[in-house]
Amino acid sequence: MFAARNVVRRLPQRSIRRWAHTQPTFNPVTEQDIARFQQILPASSILSTLAPISTPVAELSNFNNDWMNKYHGKSTTVLRPCTTKEVSEIVRWCNERGIAIVPQGGNTGLVGGGVPIKDELILSLGNMTKIRSFDPVSGIIVADSGCILEALSEYLAPHNYIMPLDLGAKGSCQIGGNVSTNAGGLRLLRYGSLHGSVLGLEVVLPDGTVLDQLTTLRKDNTGYDIKQLFIGAEGTLGIITGVSILAAPAPQASSNVMLALPKYENVLPLFREVKRQLSEILSAFEFIDRRAYELAVKHGQGRALNDEDVEGAECFVLVETSGGKREHDEEVRLKRFRLLCNILTRTQKLNGLLESLMEADEPLINTGVLSQSPAQFSQLWAIREGITEAVSKEGKAYKYDISIPVASFKEAVDKTREQLRSKGLLRDDAVKHVVGYGHVGDGNLHLNVVAAAYTPEIEAALEPFVYELVASYKGSISAEHGIGVMKTHALPYTKNPTSIEIMKRIKALFDPKGIMNPGKVLE
Ligand code: FAD
Ligand code: MLT
Ligand code: ZN
């Protein structure tokens, strides 16, 4: 039924993304609508530049502009409901009136999905923050979709559980946003994707109907698994109001080590070796190229490694272990993984593993830094997690979040840099850096081009170049951030026409008027 995946297609380039002509037209929010919203919500839950609310435009700025300040909307009205019933009543009204809605969580998305393209109404979930239930035996937590990811982690900690996902934006992103983007993050290697750990959802459909699939069952094999459609739908099929998710038992012992590699080519053999030796206690294997590391350090993310640890390194790998028993992990680390510990502490002789690695033409690692305390553990993670912020402090980031074979990570970064050089754009007042980092364990490279400003010229040099490059590797143009508004035109590089047609039919089935987050995911 499905056509063969992935042929390289040359698509028309767009520097300005707007709704395609196929998008329906929508009605703006009016003062009459505000009067209706005042019947549904308390005044404190409504921000609007319209009378009688008359909020100053500046107060809507955080809702109209995205985290990177790259995408800008012109919404007049932000509604902040506290309950599913309120969400349902708002959506029912908007559906009747033909008003488009943008669901918004923590607004940390990196593809412009959570901000309006024009003047759509913003429905912010930030006031929906109740934890509805937690079962300490099964580890299943049911929460409002507006709960901040970090708040859920803090809630679970005393119960010895952790959330099955973690990302640098944890202090602001919401679980509903995480589910809507199918966020990957730093724990995917260990705990898998949200398609596995989300057990149930409560969703307000585009006509206002509440779809209650908030089950806490581990097993439920009763036909089509409808909730899966909302995981990664980026708010185009409905508004998630409640999430049931399986938390993971908190590891009793965690450790990490930052390894400095003399050359990129060593990443894959190292990954193979680390997996072989650490097996079930390996919980993260994250890649940072030299320039990404330098940016993180320059902008104060984590604590810089010593010069001697950095010298001669082309890239770094952050390895995390976590397990159920400290003695077991230490045994694994110290006996089975003696290579790293020996090198890192530089106190013991290299063992057989090290010998075998050194017998290779070139050793896989130069050196490394092993955390010796919780503070050091966090500092090493802060380098990796802080790259996103460092990049955005350094300039304007063109962020490509791609799935390609790990062996091609460096080539993709190099080819992109070369493309920009060939266009004469690799200079301080245009493109300052091309960096790569990401989740090696998941085959996910974050290719970031850091520029002095967002310009049509740079974008034209990057697109469709990057997408064609991805397609040439038979990769995905979005590994974990989603499509948002940034990549709607590029979807065919990864999805074949049959798949896109089915997506459109699903969208039409749930949202025949197209009011839910128009212009996102599908053109
Ligand atoms: P928003 O940005 O508000 O929205 C994202 C999308 O989901 C939009 O399309 C929006 O309409 C929709 N949406 C939000 N809430 C709902 C809802 N309740 N119902 C329906 N639709 C909704 N992403 C990763 O995958 N992995 C990472 O490691 C990662 N690290 C990051 C680090 C930093 C520093 C930053 C700034 C971002 C990072 N991201 C990462 C991207 C982002 O944090 C995630 O996509 C996150 O899941 C978005 O959550 P949010 O609540 O901020 O959603
Ligand atoms: C990350 O892995 O750090 C995030 O996905 C954010 C980013 O790509 O910058
Ligand atoms: Zn990531």
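Residues numbered from 1 in each chain as written. Chains lettered and ligands numbered in written order. Predicted model: local features only at pLDDT ≥ 70, side-chain atom pairs only at ≥ 80, totals over all residues.

By the naming in an unreviewed UniProt entry, the chain is FAD-binding PCMH-type domain-containing protein, taken from Phanerochaete carnosa. You can read under Cofactor (unreviewed entry) in the UniProt record for the chain the words "FAD". Regarding the chain, the UniProt comment filed under Catalytic activity (unreviewed entry) reads as follows: "(R)-lactate + 2 Fe(III)-[cytochrome c] = 2 Fe(II)-[cytochrome c] + pyruvate + 2 H(+)". (UniProt positions renumbered as here; feature names shortened; annotations may be inferred.)

Asks: Would you explain the domain arrangement of the chain in this entry?
Replies: By domain assignment, the chain separates into domain 1 (31-124), domain 2 (131-249), domain 3 (253-385) and domain 4 (395-481). In this structure, domain 1 and domain 4 have C-alpha centres spaced 33 Å apart. Between domain 1 and domain 4, the residue contacts involve 4 residues of the former and 4 residues of the latter. For the side of domain 1 that touches domain 4, the per-class residue count stands at 3 nonpolar, no polar and 1 charged. (Domains from an automatic or database assignment. Contact = placed C-beta atoms within 7 Å. Nonpolar A, V, L, I, M, F, W, Y, C, P; charged D, E, K, R; others polar.)

Asks: Just checking my understanding: could you explain the UniProt feature "domain: FAD-binding PCMH-type" (unreviewed entry) in the chain for this structure?
Replies: Those residues carrying the UniProt feature "domain: FAD-binding PCMH-type" (unreviewed entry) are residues 71-250 in this numbering. Overall, residues 71-250 shows 23% helix and 24% strand. The separation of its end C-alpha atoms is 38 Å. (Helix = DSSP H or I, 4+ residues; strand = E, 2+ residues; numbered from the N terminus.)

Asks: Please clarify how the sheet that holds strand 2 (residues 77-79) should be interpreted in this entry.
Replies: Hydrogen bonds between backbone groups are what pair the strands of a sheet, and the pairing can be parallel or antiparallel. Strand order in the open sheet formed by 4 strands is 1-2-4-3, and the pairing between neighbours is mixed. Two strands bound the open sheet, and with one partner strand each, they are strand 1 (46-48) and strand 3 (101-104). Pairs of neighbouring strands in the sheet enclose a mean axial angle of 20 degrees, with direction left out of account. Pairing geometry for strand 1 and strand 2, over 3 bridges, is antiparallel. Bridged to Ile46 within strand 2 is Leu79. The sheet contacts of helix 3 (residues 84-97) involve strand 2, strand 3 and strand 4 (121-124), and relative to strand 4 the element is tilted by about 165 degrees. (Pairing = 2+ DSSP bridges. Axes fitted to C-alpha atoms, helices over the stretch in contact; angles between N-to-C directions.)

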